[in-house]
Amino acid sequence: MVKVITGIRRSGKSFLLFEIFRQYLLDHGVSADHILGLQLDRFENRRYRDPEELLAFMNAQIVDDGRYYILLDEVQMLDHFSEVLNSFLYRKNVDLYVTGSNSKFLSTDVLTEFRGRGDEVHIFPLSFSEFMQVYRGESADAWLEYATYGGLPQVVLMSEYEQKSGFLKRLFEETYIKDIIERNGILKTQGIEDVVNIVASSIGSLTNPTKIADTFKSKLKSSISPNTVRSYINCLKEAFLISEAQRFDVKGRRYIGSPTKLYFEDVGLRNARLNFRQMEETHLMENIIYNELRMWGYSVDVGSVNKRQMLEGRNLSHQLEVDFVANLGNRRCYIQSALSLPDQRKRDQEKASLLAIKDAFRKIIIIKDGLEQGYDEDGILYINLKKFLLNPEALLE
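Criteria and thresholds
- All residue numbers refer to positions counted from 1 along the written sequence of the respective chain.
- At least 70 in pLDDT is required for a residue's local features to be given in this predicted model, at least 80 for side-chain atom pairs to be given and counted, and no such filter applies to totals for whole chains, interfaces and linings, which use all residues.
- Excluding hydrogens and water, the side-chain figures rest on all heavy atoms present in the structure.
- Put simply, DSSP marks the helices as runs of H or I at least four residues long and the strands as runs of E at least two long, and each gets a number from the N terminus on.
- Each helix should span, by expectation, one fewer than its residue count multiplied by 1.5 Å.
- Per-residue accessibility, obtained with a 1.4 Å probe over protein chains only, is compared with the maximum for each type, and a residue is labelled buried under 20%, exposed over 50%, and partly exposed between these values.
- Whether two strands pair comes down to DSSP finding at least two bridges between them.
- Whether a crossover is right-handed depends on one test, that the path from the first strand over the helix to the second runs clockwise when the strands point away from the viewer.
- Throughout, an axis means a line fitted to C-alpha atoms (over the contacting stretch in the case of helices), and angles, computed between N-to-C directions, take values from 0 to 180 degrees.
- Whether two residues are in contact is decided by their heavy atoms: any pair within 4.5 Å suffices.
- Classification of ring pairs rests on two measures: the distance between centres of Phe, Tyr or Trp rings, Trp counted by its six-membered ring, which must be within 6.5 Å, and the angle between planes, read as stacked under 30 degrees, edge-to-face over 60 and tilted in between.
- What pLDDT reports is the predictor's confidence in each residue, on a scale of 0 through 100.
- Charge counting follows a simple rule: Lys and Arg are positive, Asp and Glu are negative, and His as well as the terminal groups are ignored.
- Here, a salt bridge means any side-chain nitrogen of Lys or Arg that lies within 4 Å of a carboxyl oxygen of Asp or Glu.
- The term polar contact refers here to a pair of N or O atoms within 3.5 Å; inside protein, the definition further demands a hydrogen-donor-capable atom paired with an acceptor-capable atom, and it admits residues adjacent in sequence only when both atoms are side-chain atoms.

For helix α13 (residues 281-295), built from 15 residues, the straight-helix expectation of 21 Å at 1.5 Å per residue is met to within 8% by its first-to-last C-alpha distance of 21 Å. Among all positions in α13, only Leu-284, Met-285, Glu-286, Asn-287, Ile-288, Ile-289, Tyr-290, Asn-291, Glu-292 and Leu-293 are buried. Looking one or two residues past α13, Gly-297 carries a phi angle of roughly 100 degrees, positive in sign.

Next up, the structure:
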């Protein structure tokens, strides 16, 4: 099996492979000369981006029948990398691990080519519980800092807020956007810059390429086709900057299609893109919950529930939204994200879509402000946000 470690740049893929995993191998008796690693994005290793050079180098290191561990960082920089990886898989004493920052090259090419012989390990930025393990401030301030600056390891370890914000802004512009433009050969760069801004401004909102194209016309006085918008969104998804939650008809048990919701892999990057304006805590909380669920292995959709009710003698139908439909194996839960529930009207509003679902799966409201815990008379489970973030088992208790 070829193990493909994917994730956004600066999420810790290289550290996982070349520090943590390498030390693990050494601690379990693997000789250092049987661990062969190359970081292909380093200038001094640029010659090994040539397949012939890389194969010659590795073959020269493999001198016996013992097991060798080959670690290749940023493998998408290697020409014809699928064929090169395939060459290594034919050697019975080679165990192969690669990292990459672009799913167009990796998830599509490698995992399709090596179907049944390849597996993907996706690395996220730090979860809130991981963030708390190294956070040195007051616990009451932890949520605000995480929701503002996100969980990229380098950023978490920085002590000054100005340093965090400056680093995130430069990283977004000089690494992510530049990388996406170069890899995809985008000539009219202003278009994708504007799409990024619109997506960042609308996390947690239902949208589609046509709606974004209409925003160009109404707000930016510019014209762009929905197909171009769609291609730009795919570029952002392939770079792991954003991910997409599909709409799922709970009663009909089918996917609806457009519109969908787009979320950022790291909220700190999203905030930096908007110069730390538009800090709506409701949407940031929703984005963070979505990311946490995915880190825990759930597949996450946006739920849609059709509800009929009599109004002025007419039987009317309308759609209610469930923030998240989270599935893990044969388990499912329906989740609403609520900043607070100050009164009965707000409580009823949050519960309405959950009560319209008649199956027996768990129905949950996650609340940031408030000490309310446990089930109510309708069987709805209330969980405090920090308890949820610090305890992955909270959904199952």
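So, about the pairing of strand β4 (residues 94-100). Taken across its seven residues, β4 has seven buried, putting it largely inside the fold. The alternating pattern of β4 places Val-94, Leu-96, Val-98 and Gly-100 and Asp-95, Tyr-97 and Thr-99 on opposite faces, both of which are buried. Strand direction decides the pairing type here: strand β3 (residues 68-73) and β4, joined by five bridges, are parallel. Along β4, the bridge assignment pairs Leu-72 with Val-98. In terms of handedness, the path from β3 via helix α3 (residues 81-89) over to β4 forms a crossover that is right-handed.

If you walk across this open sheet you meet the five strands as β2-β3-β4-β1-β5, and the pairing is parallel. The sheet terminates laterally at β2 (35-39) and β5 (118-122), the two strands that pair on one side only. Pairs of neighbouring strands in the sheet enclose a mean axial angle of 15 degrees, with direction left out of account. Here helix α2 (residues 51-61) sits on the sheet and contacts β2 and β3; the angle it forms with β2, its principal contact strand, is near 160 degrees.

Let us look at the environment of Arg-117. By the element assignment, Arg-117 lies in the loop between α4 (104-113) and β5. Accessibility expressed as a relative area gives 36% for Arg-117, which makes it partly exposed. On a C-alpha basis, the gap between Arg-117 and Leu-89 in space is 8.9 Å, while along the polypeptide they are 28 residues apart. Apart from residues no more than four positions distant in its own chain, Arg-117 is found in contact with Met-1, Val-2, Asn-86 and Leu-89.

This brings us to the packing of aromatic side chains. Applying the stated rule across the entire model yields 16 aromatic pairs. Both rings, one in Phe-21 and one in Tyr-97, keep their centres 4.7 Å apart while their planes meet at 50 degrees; by these two values the pair is tilted. Here the residue Phe-21 occupies a position in helix α1 (residues 13-27), and Tyr-97 occupies one in strand β4, the gap between them amounting to 76 residues. Note on Tyr-97: relative accessible area 14%, which makes it buried. Look at Phe-128 and Tyr-146: their rings are 5.4 Å apart centre to centre, the planes differ by 75 degrees, and that puts the pair in the edge-to-face class. Residue Phe-128 is found in helix α5 (residues 128-134), and its partner Tyr-146 is found in helix α6 (residues 139-149); the two are separated by 18 residues along the sequence. A single burial state applies to Phe-128 and to Tyr-146, both of which are buried.

Moving on: the confidence of the model for the protein chain. Here the protein chain shows a mean pLDDT of 90. Residues at 70 or above account for 93%. α4 is the least confidently modelled element of the protein chain, averaging 57 in pLDDT, while helix α12 (residues 267-273) averages 97, the highest of any element.

Before going further, it helps to examine the side chain of Asp-301. Position of Asp-301 among the secondary structure elements: in strand β8 (residues 299-311). Arg-332 provides the closest opposite charge to the buried, unpaired Asp-301, separated from it by 6.6 Å. There is a polar contact of 2.8 Å between the side chain of Asp-301 and the side chain of Tyr-255. Excluding residues that lie within four positions of it along the chain, Asp-301 makes contacts with Gln-246, Phe-248, Tyr-255, Asp-323, Phe-324, Val-325 and Asn-327.

What follows covers the pattern of salt bridges. In total, this model carries 21 salt bridges according to the counting rule given. A salt bridge links Asp-179 to Arg-9, with the nearest nitrogen and oxygen atoms 3.5 Å apart. Taken as a pair, Asp-179 in helix α8 (residues 161-184) and Arg-9 in the loop between β1 (2-6) and α1 lie far apart in primary sequence, 170 residues in all. Given the relative accessible area of 14%, Arg-9 is considered buried. Between Glu-193 and Arg-273 there is a salt bridge, and its shortest N-O distance comes to 2.5 Å. Of this pair, Glu-193 sits in helix α9 (residues 189-201) while Arg-273 sits in helix α12, and the two are 80 residues apart along the sequence.

Turning our attention to α8. In this model α8 runs 33 Å from its N-terminal to its C-terminal C-alpha over 24 residues, within 8% of the 34 Å that 1.5 Å per residue would give. At the C-terminal side of α8, Gly-185 shows a positive phi close to 60 degrees.

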